[in-house]
Amino acid sequence: MTATITDRGTASGAPSPGRPVRVLSFSQRLSRWDVKLSPYLYISPFFIVFAVAGLFPIVYTAVISFMDWDQIRRSGEWVGFDQYAWILQQPKFWVALGNTFSIFLLSSVPQLILATFIAAMLDRHIRARTFWRMSALLPYVVAPVAVGLIFNALFADNSGQVNEWLGFFGIGPIPWHVEPFWSHVAIATMVNYRWTGYNALILLAAMQAIPRDYYEAATVDGAGPFRQFWSVTLPSLRPTLIFVIITSTIGGLQIFDEPRMFDQFGRGGAGSQWLTITLYLYDIGWGEWNFGRASAMAWILFIIILAIGLINLLVTRSLVRDEGGRGPVLTRAERRAAARARRREARA
Amino acid sequence: MTHRALRRTLAGVALASVGGLVLAGCTGGNGDGGGDAGGDIELTIATFNDFGYSDELLQEYEDAHPGVTIVHNRAATSNDARANFFQKLGNTGLADIEAIEIDWLAEGMQYSDLLAPVPDDLKGRWLDWKEAAATDAEGNLIGYGTDIGPQAVCYRADLFEAAGLPTDREEVAGLFTTWDDLFAVGAEYKEKTGKPFLDSANSILQGLANQLEETYEDADGNVIATENPDVREMFDTVIEKGVPISAYAGQWSEDWYASMANGEFAAMLCPPWMHGIISGEAPDVTGWDIADVFPGGGSNWGGSYLTIPANGDNVEAAQELADWLTSPEIQARAFANVGAFPSQPDAYEMTEVSDATNEYFNDAPVGEINSNRAAAITVTPIKGPKYFQFHEALNQAVTRVFDGLETPEEAWDSWVTEVSAF
């Protein structure tokens, strides 16, 4: 028993010269494998599911994006980068890209300002606190499609409530479904309705983690509520704000439900006024059944999100680094060097 | 075996079963269920909106065919059904009978080999153009026609009266025999009342397009959209004469629904299935009536087919059911149920159809009117797989002009650019 294992060990292992060959019993070997392999086995279900449900579609999409693909017959012709070239040549694509960023900015900026304000209000001593906090989250629970339907009725050009209300102030009917800018405002309103409360609660949680001593000290120093907000609350919120900004960026670039529900056709308007990238992608895929082009577009979108994610990461790092308190931030190479040095010390 | 080894084996088994589950998840939902050897058959039929195939109707078939159980799934919209159909066609997971709408029939015709053809002895049951649209290059008819949408003109008699126009349905029918007449009456009405005459400009485009044999593609499948003078003429007509008298660019918007109830427009080009929409959306409006006429001859809008995926488990039983469902008798009853107008000429003789009147539309003889409108259709438009992409894009061009986003020439040019990329 032991002999065979030793044989196998020497045959496959080719031990480095100068190192003594250690002879292990089978059970010792088992326990070593247990220590080394078990953790991987325990986490493997996730990775198997990921490989099947995540990695496979990604690779499949990549392959299809180079083909003129017939989804029904599951066959296609290799066309190289033609689909990518086609997408990049479409004026609609660039319009959609512009719309996506416009809607993103129109929704994220007011949303964050409003969320911070609401959070600051909820952080104060008010009556029926839980009630107010839950109310802030309520819109988040409503399904986006339902929000779309409701707002679609509100923002109807002729018969909509919003134009009626604006009429009381003498503001003439706004062509929500005609002018690109106003359609973006209307869609951004739906996004804000849904996400402001959610972000406010995240910011509220961060606010409550700020040590109250800071405020006491500030009060003693004579700082009023506004000064406290600017000099204590906002700086302490920075990491949370960055998290909120990153998630809303990713969500903003993938905006789909709201523009899709904005009119009866769901194709971004007759003049592509509110056509977003994902809406265009969906239309090419499920409207025209051209999955080659849709896949190419999905990859382009992926690269755009990746690029923006990287920019976000760099900005975040430079902002978070001077927060301090956690020691120097090391690069991977520096960490590896440090680990090597520690091992050498331990061996010696 | 040691304790650890046992644990490891168990982990291995667990792992294998997780993998198995995942794989099962990939293929799950594809199993068809039916097709038992014991003679008991479960037939699934998938439709959308409302075909008029009530539970009582299906129960009758079950009673006459012991051992057959029918499961009827209804999708909310034709679009849902379309997505489902094309995602599963050629694979598994489709119902034994799948309903498809004429709007995406052309897309489906590319895959006519994946559908079981209608037996030859049933050919001739449907109107010629209804059959022609669902017949592929090899001469296989792949759809059992259900309903059609022969258009007539619906009008508000009260608004017509106020504008000094005739109100009697026969007299009104005399007003709209040609498109020019319609546009002239519309312009006159607009001048007198200051209100739009028709509901939407794109419904005029729809009516015109369905009167052309070749629009965007010719009989050989060549794309002629941008060179075809008929298309340009149709676009110009809608822009010059249709847009000024229309309330909206397109139908189905919030505003369109709202103004149907408010009486903002006086007439609509309306297929039979629109009757239910009008009476449902504007229950309090009185004065709607139907004139037995359509400008420039007949024009069909909408209608559906039942198809049978060739790789289903119960193709023969499904063919039998589809045959029964689309027989003139049953379609006449479906018409009585929900107003889906039959595509089978024999059904027009049946009392459910011939004697049918619609109370909401001033007791208009809808059966007779629709039969006449169906008979007036002489053109079978050629619709290739991209027909609706072209048409939809042209609709958007009209909308852009309507909304003042582009001049007619700009809208046409951007349409040409857009469709050249298809």
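Residues numbered from 1 in each chain as written. Chains lettered and ligands numbered in written order. Predicted model: local features only at pLDDT ≥ 70, side-chain atom pairs only at ≥ 80, totals over all residues. Heavy atoms only, no water.

Novice: Just checking my understanding: could you explain the overall build of chain A for this structure?
Specialist: Looking only at helices and strands, one finds 14 helices and two strands in chain A. The long-range share in chain A, meaning contacts at least 24 apart out of those at least 6 apart in sequence, stands at 64%. Of the roughly 20800 Å² of accessible surface on chain A, 67% is carried by carbon and sulfur atoms. (Helix = DSSP H or I, 4+ residues; strand = E, 2+ residues; numbered from the N terminus. Contact = heavy atoms within 4.5 Å. Areas by Shrake-Rupley, 256 points an atom, 1.4 Å probe, with all protein chains shown as cover.)

Novice: Explain the overall build of chain B here, please?
Specialist: When helices and strands are tallied, chain B shows 18 helices and eleven strands. In terms of its C-alpha atoms, chain B occupies a principal-axis envelope of roughly 100 × 50 × 45 Å. Across chain B, the fraction of contacts at a sequence separation of at least 24, relative to all contacts at a separation of at least 6, is 74%. Of the roughly 17300 Å² of accessible surface on chain B, a fraction of 49% belongs to carbon and sulfur atoms. Looking at charge distribution, chain B has the averaged site of its 21 positive side-chain charges lying 9 Å from that of its 70 negative ones. (Lys, Arg positive; Asp, Glu negative; His and termini not counted. Charge placed at Lys NZ, Arg CZ, Asp CG, Glu CD.)

Novice: What am I meant to see in the environment of W165 of chain A here?
Specialist: Here W165 of chain A is to be found in helix α7 (residues 161-168). Linking W165 of chain A and R32 of chain A, residues 133 residues apart in sequence, is a C-alpha distance of 73 Å.

Novice: Sorry if this is basic, but what is going on with the pairing of strand β4 (residues 144-150) of chain B here?
Specialist: The side chains of a regular strand alternate between the sheet's two faces. All names here are of chain B. Within β4, seven of the seven residues are buried, which leaves the element mostly enclosed by the surrounding structure. The sheet contact formed by β4 and strand β10 (residues 300-307) spans four bridges and is antiparallel. If you follow I148 over to β10, its bridge partner there is G303. As paired elements, β4 and strand β11 (residues 341-342) share two bridges and run antiparallel to each other. In the strand pairing of β11, D147 is matched with P342. (Buried < 20%, exposed > 50% of the residue type's maximum accessible area, 1.4 Å probe, protein only. Pairing = 2+ DSSP bridges.)

Novice: Please clarify how the state of the cysteines should be interpreted in this entry.
Specialist: Should the sulfur atoms of two cysteines be covalently bonded, the bond is a disulfide. All names here are of chain B. Taken as a whole and assessed by the stated rule, the structure comprises one disulfide over all chains. Between the sulfur atoms of C154 and its disulfide partner C270 the distance amounts to 1.7 Å. For the disulfide bridge between C154 and C270, the dihedral angle about the S-S bond is near 65°, and by the sign convention the bridge is right-handed. Placement of the pair is C154 in strand β5 (residues 152-156) and C270 in strand β8 (residues 267-270), with a sequence separation of 116 residues. (Disulfide = S-S within 2.5 Å.)

Novice: How do you make sense of the UniProt feature "transmembrane region" (unreviewed entry) in chain A when you look at a structure like this?
Specialist: Under the local residue numbering, the UniProt record ascribes the feature "transmembrane region" (unreviewed entry) to residues 39-60, 101-122, 134-155, 237-256 and 296-315 of chain A. In the segment residues 296-315 of chain A, helix accounts for 100% and strand for 0%; the C-alpha atoms at its two ends are 29 Å apart. (UniProt positions renumbered as here; feature names shortened; annotations may be inferred.)

Novice: In this structure, what is going on with the interface of chain B and chain A? I would like to understand it.
Specialist: Often, the extent of an interface is quoted as the loss of accessible area on bringing the components together. Between chain B and chain A, the residue contacts involve 37 residues of the former and 39 residues of the latter. Across the contact surface, chain B and chain A share three salt bridges. E392 of chain B is the partner of R267 of chain A in a salt bridge, and the nearest nitrogen-oxygen pair spans 3.6 Å. Summed over the shared surface of chain B and chain A, the result is 13 residue pairs in polar contact (both at pLDDT 80 or more). Looking at the side of chain B that touches chain A, the elements that each hand over two or more residues are α1 (3-27), α3 (78-88), α11 (254-262) and α17 (387-402) of chain B. Looking at the side of chain B that touches chain A residue by residue, the class counts come to 16 nonpolar, nine polar and twelve charged. (Salt bridge = Lys/Arg side-chain N within 4 Å of Asp/Glu carboxyl O. Polar contact = N/O pair within 3.5 Å; in protein donor to acceptor, adjacent residues only side chain to side chain. Nonpolar A, V, L, I, M, F, W, Y, C, P; charged D, E, K, R; others polar.)

Novice: Teacher, can you tell me more about a positive patch on the surface here?
Specialist: Together, R332, R335, R336, R340, R342, R343, R344 and R347 of chain A make up a positively charged patch on the protein surface. As for its placement among the helices and strands, R340 of chain A is situated in helix α14 (residues 332-347). (Patch = residues over 30% accessible without salt bridge, like charges linked within 9 Å, V, L, I, M, F, W, Y side chains within 5 Å.)

Novice: Help me understand the packing of helix α10 (residues 229-245) of chain B against helix α18 (residues 408-420) of chain B, please; the structure alone is not making it clear to me.
Specialist: Any two packed helices are characterised by how steeply their axes cross, that is the angle between the axes, and by the distance between the axes. Residue and element names in this part refer to chain B. For the pair α10 and α18, the least separation of the axes is 11 Å and the interaxial angle reads 145°. For α10 against α18, the interelement crossing comes out right-handed. On α18, the residues touching V231, R232, F235 and I239 of α10 are P408, E409, A411, W412 and W415. (Axes fitted to C-alpha atoms, helices over the stretch in contact; angles between N-to-C directions. Left-handed = near helix turned anticlockwise from the far one by under 90°.)

Novice: Sorry if this is basic, but what is going on with the nonpolar core here?
Specialist: Nonpolar side chains in soluble globular proteins tend to end up buried together. Residue and element names in this part refer to chain B. Judged by nonpolar contacts, the single largest core of 50 residues is most densely connected at F160, F176, F197, Y216, L394 and W415. Every residue in contact with L394, bar those within four places of it in the chain, is listed here: L205, Y216, V231, M234, F235, W412 and W415. Core analysis: the second largest hydrophobic core is formed by 47 residues, L43, L58, V68 and I100 among them. (Core = buried A, V, L, I, M, F, W, Y, C linked by side-chain atoms within 4.5 Å.)

Novice: For this particular structure, what's the right way to read a negative patch on the surface?
Specialist: Together, E213, E214, D220, D230 and E233 of chain B make up a region of like negative charge exposed at the surface. Mapped onto the secondary structure, E214 of chain B falls in the loop between α9 (201-209) and α10.

Novice: For this particular structure, what's the right way to read the sheet that holds β11 of chain B?
Specialist: What links the strands of a sheet is backbone hydrogen bonding, and the strands pair in either a parallel or an antiparallel sense. Residue and element names in this part refer to chain B. Strand order across the open sheet formed by six strands is β2-β1-β3-β10-β4-β11, with mixed pairing between neighbours. Each end of this open sheet is capped by a strand with a single partner; those strands are β2 (68-75) and β11. Sheet topology places strand β3 (residues 97-101) next to β10; four bridges connect them, and they run antiparallel. Bridge pairing in β10 links A99 to L306.

Novice: What's the story with unusual backbone geometry in this structure? I'm lost.
Specialist: Glycine aside, negative phi is the norm for most residues, and most peptide bonds take the trans geometry. A positive phi angle, close to 55°, is found at S272 of chain A, a residue other than glycine. As for its position among the elements, S272 of chain A is in the loop between α11 (257-260) and α12 (277-287). Judged by relative accessible area, S272 of chain A falls into the buried class, the value being 9%. In the Ramachandran plot, D363 of chain B falls in the positive-phi region, its phi being about 55° despite a non-glycine side chain. Counting through the fold element by element, D363 of chain B comes out in the loop between α15 (351-354) and α16 (366-375). Given the relative accessible area of 45%, D363 of chain B is considered partly exposed.

Novice: Hey, could you run me through the domain arrangement of chain B in this one?
Specialist: Residue and element names in this part refer to chain B. Per the domain assignment, the segments making up chain B are domain 1 (41-148 + 302-355) and domain 2 (149-301 + 365-420). In this complex, domain 1 contributes 17 residues to the contact, which on the side of domain 2 involves 18 residues. Buried surface at the junction of domain 1 and domain 2, summed over both partners, amounts to about 1400 Å²; 64% is from carbon and sulfur atoms. Considering only the side of domain 1, the residues that lose the most area to domain 2 are W129, G302 and F341, jointly responsible for 38% of the buried surface there. (Domains from an automatic or database assignment. Buried area = accessible area lost by both parts, 1.4 Å probe.)

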